[in-house]
Amino acid sequence: MLIETITGRVRQYLLGAEQEFVFKHIDSIDLPRIDKIDLYIHIPFCKNVCPYCPYNKVKYDKKLINPYVNAMLNEIEQYYERLGKIEISSIYIGGGTPTNLIDELAVILRKIRECFILTGDIAIETNPDDINEEVINKLKRYGVTLLSLGVQSFNDKCLTFLGRSYEANILPQAATLALSSHFESVNFDLMFALPGQNISDVINDLRKSFSLGVGQVTLYPLFTFPYSAAGKYLKLKKIKMPGIFARRKMYRAIHQFCLDNGFQRVSVWGFKKGDAPRYSSVTRGCYIGLGAGAGSFVSNAFYFNTFSIEKYIETLSSGKLPVALKMDVGKKLSRYYWLYWRLYDTYIPKKHFKELFGEEDNKIYRLLWLFKVLGLCREETNQFSLTERGAFWLHLMQNYFVLNYINKVWSVAMREAWPDRIKI
Ligand SMILES: C[S@@+](CC[C@H](N)C(=O)[O-])C[C@H]1O[C@@H](n2cnc3c(N)ncnc32)[C@H](O)[C@@H]1O
Ligand code: SF4
């Protein structure tokens, strides 16, 4: 509650009253003339649906797969008609579990290559349950360069709590296969701050990951979205989530263990070792999202496609784009959007910061000064860097940001295919 009040106040202080935080119903997207853009592809199917999961997904249903893929091919075609054969600087394939549609991904990627000029990386999320030689070979053939494996934990107690479909004993083989297949970068997703999990459990997960030779780990604290089955379950059973001091201790131990093992912090949640490119689980610049519930950020506005798989298919088959919601992003907010991702990266390059904010936005300089006084960030020659303390508090703010804002939009959008208006 305190953090919620703080985030709300900070938002009001920095952005004033003129920026509305409202997603409104729309049925078209404003596309500027652009030379290049990133793509996000959403595959909303999972063979096992985990109770804690907030993402837009349904249980894998063979009947839906062909219509969904055909709808996506149509969506690609429609963007091609509007944008022409522009450059695609990267593709991120998330879900759901994209590797559940391993053969269909070939068709989708072929279509993108036919319509556009793909110049950058292809990153994909995978589930350990899906990893075998055949799947890995296909991903390599498709040109996937960055891979993330949703390990979550090497501890059966935690995997059971999370309702994962596999036991820890399958993980070394899946991980070794992924790690030995010469992707440019492999990341493991791990989860912490689970009820009943202690510091040594988390450190053990890190120790196992490092001993397998992974170059990057991303540790997500469990978010309990009220609308997810786990959110309801925890409420019903009154299971207590770890409190703020327990989280603080856990985060400090994670940070220290990663540094001791030669890993550097690359985001509030991510640690990386060596020179391999960073696997990034979020799209930051301008991007177009394809698929049910996919988000886009283009022409100074955020958009969401309809979350309903049925309506997504139906709308595309009638020749229209399935966009459902739009929030305009004013000049001020777009600067803060940039800053939000720099904080997520845990450093702010001074040059770009000054170009964007100039000298006149005193509020932001006062806030940075406060961050420094509180020991949350330090000033270096070319950048401001978050300290370990700063990264923890920021992680907490982002946790609440995600819970409060994303939860509001996603929970309505999952209930209604075409919401009229969502105020956040
Ligand atoms: C779409 S999933 C990744 C691929 C695959 N579906 C899987 O679960 O292994 C994205 C990642 O988000 C994280 N995640 C999912 N639900 C979460 C939650 N409620 N709180 C925190 N992290 C979560 C997990 O670490 C997961 O690997
Ligand atoms: S966490 Fe991953 S596998 Fe589990 S339901 Fe969500 S998207 Fe599917």
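In this text the structure is predicted, and so the values were computed from the model without any measurement.

Engineer: I would appreciate a short explanation of the overall build of the protein in the present structure.
Structural biologist: Summing up its helical and strand segments, the protein has 14 helices and 20 strands in all. In terms of overall size, the protein behaves like a compact globule, its C-alpha atoms giving a radius of gyration of 21 Å where 424 residues would be expected to give roughly 22 Å. The principal-axis extent of the C-alpha atoms belonging to the protein is close to 55 × 55 × 45 Å. Relative to its full complement of 424 residues, the protein shows a buried share of 55%. Counting only contacts in the protein whose residues sit at least 6 apart along the sequence, the fraction spanning at least 24 positions is 73%. As displayed, the protein offers around 19500 Å² of accessible surface, 53% of which is attributable to carbon and sulfur atoms. The centroid of the 55 positive side-chain charges in the protein is displaced by 6 Å from the centroid of its 42 negative side-chain charges.

Engineer: Help me out: how do you make sense of the sheet that holds strand E19 (residues 383-386) in this one?
Structural biologist: Whenever strands of a sheet pair, they do so through backbone hydrogen bonds, lying parallel or antiparallel. Spatially, E17-E19-E18 is the arrangement adopted by the three strands of the open sheet, whose pairing is antiparallel. Of all the strands in the sheet, the pair left with one neighbour each is strand E17 (347-349) and strand E18 (377-379). With strand direction ignored, the average angle separating the axes of adjacent strands in the sheet is 15 degrees. One ladder, built from three bridges, connects E18 with E19; its direction is antiparallel. By the bridge assignment for E19, Glu 379 is matched with Phe 384. Relative to E17, helix H12 (residues 350-357) is tilted by about 70 degrees, and along the sheet it contacts E17, E18 and E19.

Engineer: Help me understand the site of ligand 1, please; the structure alone is not making it clear to me.
Structural biologist: Around ligand 1 there are 18 residues in total, and Gly 96, Gln 152, Arg 164, Asp 189 and Phe 223 lie nearest to it. Note that an oxygen atom of ligand 1 is positioned 2.7 Å from one of the side-chain N or O atoms of Gln 152. Counting residues per element, the ones that place at least two in the shell around ligand 1 are strand E7 (122-126), strand E8 (146-152), strand E9 (185-192) and strand E10 (216-221). Counted by class, the shell around ligand 1 contains eight nonpolar, seven polar and three charged residues.

Engineer: When you look at the site of ligand 2 in this model, what are you seeing that I'm missing?
Structural biologist: Taken together, Cys 46, Asn 48, Val 49, Cys 50, Tyr 52, Cys 53, Gly 96, Thr 97, Asn 127 and Arg 164 are the residues near ligand 2. Looking at the shell around ligand 2, its residues break down into five nonpolar, four polar and one charged.

Here is what the cut-offs are and how they apply
- Residues numbered from 1 in each chain as written.
- Chains lettered and ligands numbered in written order.
- Predicted model: local features only at pLDDT ≥ 70, side-chain atom pairs only at ≥ 80, totals over all residues.
- Heavy atoms only, no water.
- Helix = DSSP H or I, 4+ residues; strand = E, 2+ residues; numbered from the N terminus.
- Rg over C-alpha atoms; globule rule 2.2 N^0.38 Å.
- Buried < 20%, exposed > 50% of the residue type's maximum accessible area, 1.4 Å probe, protein only.
- Contact = heavy atoms within 4.5 Å.
- Areas by Shrake-Rupley, 256 points an atom, 1.4 Å probe, with all protein chains shown as cover.
- Lys, Arg positive; Asp, Glu negative; His and termini not counted.
- Charge placed at Lys NZ, Arg CZ, Asp CG, Glu CD.
- Pairing = 2+ DSSP bridges.
- Axes fitted to C-alpha atoms, helices over the stretch in contact; angles between N-to-C directions.
- Near = heavy atom within 4 Å.
- Polar contact = N/O pair within 3.5 Å; in protein donor to acceptor, adjacent residues only side chain to side chain.
- Nonpolar A, V, L, I, M, F, W, Y, C, P; charged D, E, K, R; others polar.

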